[in-house]
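Spelled out, the chains give:
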Amino acid sequence: MRKSPRFLSLAFASALLASGCGGESPDTQLAADEFAAGTTTDALACSTRITYGDRWIRPSNHPAQYDIAADLVTWDGTCINEGPNSYAVLSNGWRPYFTGNNACVIALDTDCAAQSCGTRITYGASWIHPANHPAQHDDAGGRVFWDRGCTNQSPNSYTVLSNEWAPYFNGSNACALSFRYTGCGGLYVNPVVPVDCADPGVIHDGTQYVAACTSGGAADAFPLRTSRDLVNWTYAGVIFPSARKPTWATGDYWAPEIHKVGTRYIAYYTARHTNGKLSIGAATSTSALGPFTDLGRPLVHDTGMGMIDATFFRDTAGTPYLVWKADGNAVGQPTPIYGQQLSEDGLSLVGTRRTLITNNLGWEGGVVEAPWVVARGGYYYLFYSGNAYYNSTYAVGVARATSPLGPYTKLSAPILRTGGGWTGPGHNSVVTGPGGDTYMVYHAWNSAHTARVMLVDAITWPNGWPAVPEGPSNGSRPMP
């Protein structure tokens, strides 16, 4: 479809030619000539954004991870090895190079024609073709990705993709695939927030995603960030500026979550009471970004035990619940995760408190914490974190039940654990991405172990249980 002519700067048009992607198309040369003359043109009545994977060999003086080209640009998915590297040949003649063999990953997003998100997986020469499958590629709807792992099964090897496809290859360590994404919105690489953002509580407020993070002893409590796509985040203030902190609390501002309850928003959070016990507070606002007014007292307080990590959910009948953790590990006791019905305004507990899970699996060590509950397909899924937050034992587990207060049955092993260069992933939120898929937003320690940064990875649902395939990820993924 053609659109009205657009204006580009000479610098932009020149950047198209100097992008280092190889040859340029005649339309691109025409655009540069016309902009150099100071004229308008309809040569860019439509365009294609070409986003390159993280192994792309970026040309000098090219800070962006993408190029914008005139008209429709395509790629057949073939990745050509050349010495230690590889390259793709795009339809306009550009040749982006990538570090390593079979390393081509490219996303193409165009306004020249309608697109739905899809993935082309092109296999290397050693791929063992299934019967009656002459093509060297497969096309899949939606987002499919790979962690570049390869499992040997003598005399061959295979890998498992995020959609559970398992291509086999002749020989050991022979897995070779390239990925073309069309209409998925580009690519991203973790972390999405590269500074400390522990315990991210994330919701969508109807307009944008809002994330709140632990602030500990900072003067202003609980920094807020907003995003339209779960990847690009902008600082948006705090829940409690120093002058508006709750008077009942002295510090240790942890694990905030903002939820819409009725017509307003409630920030549930952990702080240390003046009597020394960690307690759960609540503050209200007409906006997910505040200003928030504290309840003036703890919502959950126990003089004998710290209470932390509150989350809110509604069951399928619309009944509200609060779920939280007893801080037993701080005093050498078990750490039950409790659930209890809330009043309709979300500001008081009603009914009977129930124990949903305790730390009774080996991998959990002395802790289960950081609950988040999702209703799906007739089950309530309780995501939680276990073991020591400060090291590689920390991980994410899941349990499910047919009733909001259980009984819950756990998976025996974590669904997300240390890997991909990330240590101690955990304390997650679960949200629906812009494209309709489910995503986990969580923290993990950076390589220097100086900050818990924020990561995003896709959740799949094989066999009625959630999974985070190839997570935590450290390479290019299609945008949520």
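(A) Highlighting the overall build of the protein. Looking only at helices and strands, the protein has 2 helices and 33 strands in total. In terms of overall dimensions, the protein is globule-like: its C-alpha atoms have a radius of gyration of 25 Å, near the 23 Å expected for 480 residues. Along the first, second and third principal axes, the C-alpha atoms of the protein reach 75 × 60 × 45 Å. Looking at the 480 residues of the protein, the share that counts as buried comes to 55%. For the protein, the share of sequence-separated contacts (at least 6 apart) that also reach a separation of at least 24 residues comes to 51%. Carbon and sulfur atoms make up 50% of the accessible area of the protein, which amounts to about 19,400 Å² in all. Charge separation in the protein, taken as the distance between the mean sites of 30 positive and 35 negative side-chain charges, equals 7 Å.

(B) The sheet that holds strand β2 (residues 66–70), seen in detail. Ordered in space as β2-β1-β6-β12-β7-β8, the 6 strands form an open sheet in which the pairing is mixed. Looking at strand neighbours, the two that pair on one side only are β2 and β8 (137–141), the edges of this open sheet. The average angle at which neighbouring strand axes cross in this sheet is 20 degrees, direction not considered. With 5 bridges connecting them, strand β1 (residues 47–52) and strand β6 (residues 105–110) associate as antiparallel partners.

(C) Representation of the pairing of strand β15 (residues 209–212) in the model. The two faces of β15 match: Tyr209 and Ala211 on one face and Val210 and Ala212 on the other face are all buried. Where strand β14 (residues 201–204) and β15 come together, 4 bridges link them in antiparallel fashion. Bridged to Gly201 within β15 is Ala212. Linking β14 to β15, which pair antiparallel, is a turn of 4 residues; within it Gly206 sits at a positive phi near 100 degrees. Across 4 bridges, the pairing between β15 and strand β16 (residues 221–227) is antiparallel.

(D) Structural detail: the sheet that holds strand β30 (residues 423–432). Spatial ordering of the open sheet is given by β30-β31-β32, a layout of 3 strands whose pairing is antiparallel. Either end of the sheet is taken by a strand with one partner, and the two such strands are β30 and β32 (452–459). With strand direction ignored, the average angle separating the axes of adjacent strands in the sheet is 25 degrees.

(E) Local environment of empty space enclosed by the protein. Within the structure shown, the criterion is met by 1 cavity of 30 Å³ or more. Estimated volume of the largest cavity: approximately 40 Å³. Forming the boundary of the largest cavity are Arg143, Phe145, Tyr188, Tyr439, Ala458, Arg477 and Pro478. For the lining of the largest cavity, the per-class residue count stands at 5 nonpolar, no polar and 2 charged.

(F) Up close: the side chain of Thr438. Take Thr438: it is sitting in strand β31 (residues 438–445). Using a relative accessible area of 12% as the deciding quantity, one classes Thr438 as buried. In terms of polar contacts, Thr438 uses its side chain to reach the side chain of Trp461, at 3.4 Å. With residues up to four places along the chain from it excluded, the contact list for Thr438 reads Arg376, Val430, Val431, Ala458, Ile459 and Trp461.

(G) Main features of the state of the cysteines. Tallied over the full model, the rule gives 5 disulfides. Two residues, Cys197 and Cys213, share a disulfide whose sulfurs are 1.8 Å apart. Placement of the pair is Cys197 in the loop between β13 (187–188) and β14 and Cys213 in the loop between β15 and β16, with a sequence separation of 16 residues. For Cys213, a relative accessible area of 1% puts it in the buried group. Across the protein, the disulfide pattern expressed with sequentially numbered bonded cysteines is 1-4, 2-3, 5-8, 6-7, 9-10.

(H) Structural context of the pattern of salt bridges. Evaluated as defined, the whole model comprises 8 salt bridges. Between Arg143 and Asp437 there is a salt bridge, and its shortest N-O distance comes to 3.6 Å. Remark: Asp437 occurs in the loop between β30 and β31 and Arg143 occurs in the loop between β8 and β9 (151–153); sequence separation between them is 294 residues. For Arg314, the salt bridge goes to Glu344, with nearest N and O atoms at 3.1 Å.

(I) Quick look at the pairing of strand β22 (residues 307–314). Where burial is concerned, most of β22 is hidden: 7 out of the 8 residues are buried. Note: β22 against strand β23 (residues 320–326), 6 bridges, orientation antiparallel. Across the sheet, Arg314 pairs through a bridge with Pro320, a residue of β23. Between β22 and β23, which pair antiparallel in sequence order, lie 5 residues; one of them, Gly318, sits at a positive phi of approximately 95 degrees.

(J) Examining the packing of aromatic side chains more closely. All told, the structure shown has 21 aromatic pairs when counted by the stated rule. On the basis of an interplanar angle of 20 degrees and a centroid distance of 4.0 Å, the ring pair of Tyr123 and Trp127 is categorised as stacked. Residue Tyr123 shares its accessibility class with Trp127, and that shared class is buried. Connected via pairs of aromatic rings, a cluster forms that spans Phe222, Phe240, Trp248, Tyr253 and Tyr269. A cation sits over an aromatic face here: Arg49 above Tyr66, 3.6 Å from the ring centre.

(K) Structural view of the confidence of the model for the protein. Summary statistics for the protein give a mean pLDDT of 91 and a share of 91% for residues scoring 70 or more. Here residues 1–41 is modelled with pLDDT under 50, and outside its nearest four sequence neighbours on either side it reaches 68 contacts, counting other chains as well.

Conventions we followed
Residues numbered from 1 in each chain as written. Predicted model: local features only at pLDDT ≥ 70, side-chain atom pairs only at ≥ 80, totals over all residues. Heavy atoms only, no water. Helix = DSSP H or I, 4+ residues; strand = E, 2+ residues; numbered from the N terminus. Rg over C-alpha atoms; globule rule 2.2 N^0.38 Å. Buried < 20%, exposed > 50% of the residue type's maximum accessible area, 1.4 Å probe, protein only. Contact = heavy atoms within 4.5 Å. Areas by Shrake-Rupley, 256 points an atom, 1.4 Å probe, with all protein chains shown as cover. Lys, Arg positive; Asp, Glu negative; His and termini not counted. Charge placed at Lys NZ, Arg CZ, Asp CG, Glu CD. Pairing = 2+ DSSP bridges. Axes fitted to C-alpha atoms, helices over the stretch in contact; angles between N-to-C directions. 1 Å grid on protein atoms, 1.4 Å probe; cavity = no way out; pocket = protein on both sides within 12 Å on 5 of 7 lines; lining within 4 Å. Points joined across faces, edges and corners; volume = space filled by probe spheres on them. Nonpolar A, V, L, I, M, F, W, Y, C, P; charged D, E, K, R; others polar. Polar contact = N/O pair within 3.5 Å; in protein donor to acceptor, adjacent residues only side chain to side chain. Disulfide = S-S within 2.5 Å. Salt bridge = Lys/Arg side-chain N within 4 Å of Asp/Glu carboxyl O. Phe/Tyr/Trp six-rings, centres within 6.5 Å; stacked < 30°, edge-to-face > 60°. Lys NZ or Arg CZ within 6 Å of the ring centre and 35° of its normal. pLDDT = per-residue confidence, 0-100.

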